[in-house]
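Structural features, examined
Next come the chains, spelled out residue by residue.
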Amino acid sequence: MEGTENRAARDIVASMGDKALFTYIPEMEITVPESDRRNSMDKIACYYHAEQFVLSDLYIGYAISLYRYTIPMVVAATVKVLGNLWPQKNVPKNIDRDALLSRIKRMCGMGMLRRFVYQLNGNNIVLYSTTPEFSKVIYQSLKMSTDARPEKDLIPPIEIIGRAAASLVSSQLLKSPYLKTFDFMPDFRDGEGRIVFNSMLTHVIDEQEYITLIEPLFTRVDIKRFTKEEWNHYLSRKIHGLRGYMEQLAEKKMCRVQLVIVCEDMEDFREISTMICNVFPEQMLEEIYYTAEGSLKSADYNIRQSLVRVTSLKTGQSDIKIPGSVSSQLSYPFF
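Here is a short report on the structure shown in this document.

**Overview of the packing of aromatic side chains**
In total, this model carries 9 aromatic pairs according to the counting rule given. Ring geometry for Phe182 versus Phe184: centroids 5.8 Å apart, planes at 70°, classification edge-to-face. Taking relative accessible area as the criterion, Phe184 reaches 5% and is therefore assigned buried. Taken together through their ring pairs, the aromatic side chains of Tyr67, Phe182 and Phe184 make up a single cluster. Lying over the aromatic face of Trp86, Lys89 brings its terminal NZ or CZ to 4.6 Å of the ring centre. Between Lys143 and the ring centre of Tyr139, over which it is positioned, the NZ or CZ distance is 5.9 Å.

**A look at the environment of Met16**
Considering the arrangement of structural elements, one finds Met16 in the loop between helix 1 (9-14) and helix 2 (40-49). Accessibility expressed as a relative area gives 0% for Met16, which makes it buried. On a C-alpha basis, the gap between Met16 and Ile160 in space is 18 Å, while along the polypeptide they are 144 residues apart. In contact with Met16, not counting residues within four places along its chain, are Glu264, Asp265, Met266, Phe269, Tyr290, Thr291, Ala292, Glu293, Gly294, Ser295 and Val308.

**Examining the packing of helix 3 (residues 55-67) against helix 5 (residues 97-109)**
Here helix 3 crosses helix 5 at 90°, and the two axes come no closer than 11 Å. One finds that helix 3 runs roughly perpendicular with respect to helix 5. Here helix 3 contributes Asp57, Ile60 and Gly61 to the contact with helix 5, which in turn contributes Leu100, Arg103, Ile104 and Met107. The residue makeup of the contact of helix 3 with helix 5, split by class, is 4 nonpolar, 1 polar and 2 charged.

**With respect to the sheet that holds strand 3 (residues 179-183)**
Spatial ordering of the open sheet is given by 3-6-7-8-9, a layout of 5 strands whose pairing is mixed. One side of each edge strand has no neighbouring strand; the edge strands of this open sheet are strand 3 and strand 9 (288-292). The mean inter-strand angle of the sheet, taken between neighbouring strand axes irrespective of direction, is 20°. Pairing analysis gives 4 bridges linking strand 3 to strand 6 (residues 199-205), with the strands arranged antiparallel. Considered in strand 6, the bridge of Thr181 is made with Thr202. Contacts from helix 8 (residues 228-253) reach strand 6, strand 7 (208-216) and strand 8 (256-263) within the one sheet, and its direction differs from that of strand 7 by about 170°.

How each quantity is defined
- Residues numbered from 1 in each chain as written.
- Predicted model: local features only at pLDDT ≥ 70, side-chain atom pairs only at ≥ 80, totals over all residues.
- Heavy atoms only, no water.
- Phe/Tyr/Trp six-rings, centres within 6.5 Å; stacked < 30°, edge-to-face > 60°.
- Buried < 20%, exposed > 50% of the residue type's maximum accessible area, 1.4 Å probe, protein only.
- Lys NZ or Arg CZ within 6 Å of the ring centre and 35° of its normal.
- Helix = DSSP H or I, 4+ residues; strand = E, 2+ residues; numbered from the N terminus.
- Contact = heavy atoms within 4.5 Å.
- Axes fitted to C-alpha atoms, helices over the stretch in contact; angles between N-to-C directions.
- Parallel < 35°, antiparallel > 145°, perpendicular 65-115°, else oblique.
- Nonpolar A, V, L, I, M, F, W, Y, C, P; charged D, E, K, R; others polar.
- Pairing = 2+ DSSP bridges.

In structure tokens, the structure reads:
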């Protein structure tokens, strides 16, 4: 990737909403099929005692649990990364896409995974998540932390699709040969309590440690559940929390801390980047990158060709700082 010529920043921004599956539609609902709803723990226990699920299923489930909501393509890439990280473990890193999809569907019927379905342009879009019960089984069996909270099934649709979009970005950065560690539920405490962020990846290059936070911030308002003021407060709190957490990490670990914001589309980028420009000090802006599902897809999943950052500011109405220009001249060294 080092030798690839950078795309123009305007092209990256313009493509942010292109062919996106994870996009919020007003009053959108995401449903769970009836077959996925009940008696997960009973199902898992029965299949376990009948020896109908195997160790590799636990690793597939673990890969899915990292993102909370994602698609088989991301699962396949992540399972391969985990297999390379842990060559002695029984991770099915060489499983082909068809076999993996068949196994995922079977795991849904076994109460391990749950499908979340919504409609976009007349098509059913399916996301997969571990059931809370299977998350506990993964932890008990593998001693790996997963999100076993039953309330994760209750989060609003806009957060579900935001996390699904972020899974595309996180899975690309996981592939870096410089990956050292990953944490898919980093948290930070502010005056209102605990904020859980999407993911944090650590890379080491020439003895320099880089910490990258990946966070989806979608600005569309889920009007069935929130007022615009409530959602803006939620976004503002998360942005202030990201600043505090980045400063805390840089001070404690003496490392370079970077942030990748996953937006929904170009309008989203404009609104979120303006909020960030008014919260972060100007010297931190060079460590903040923006992307979207459409940008990543239009760059054939080349992460270096799908990121932009704000390089100058100008003052808008009421002295609000807004992006003056953006750049795609990236300092991302991870590939």
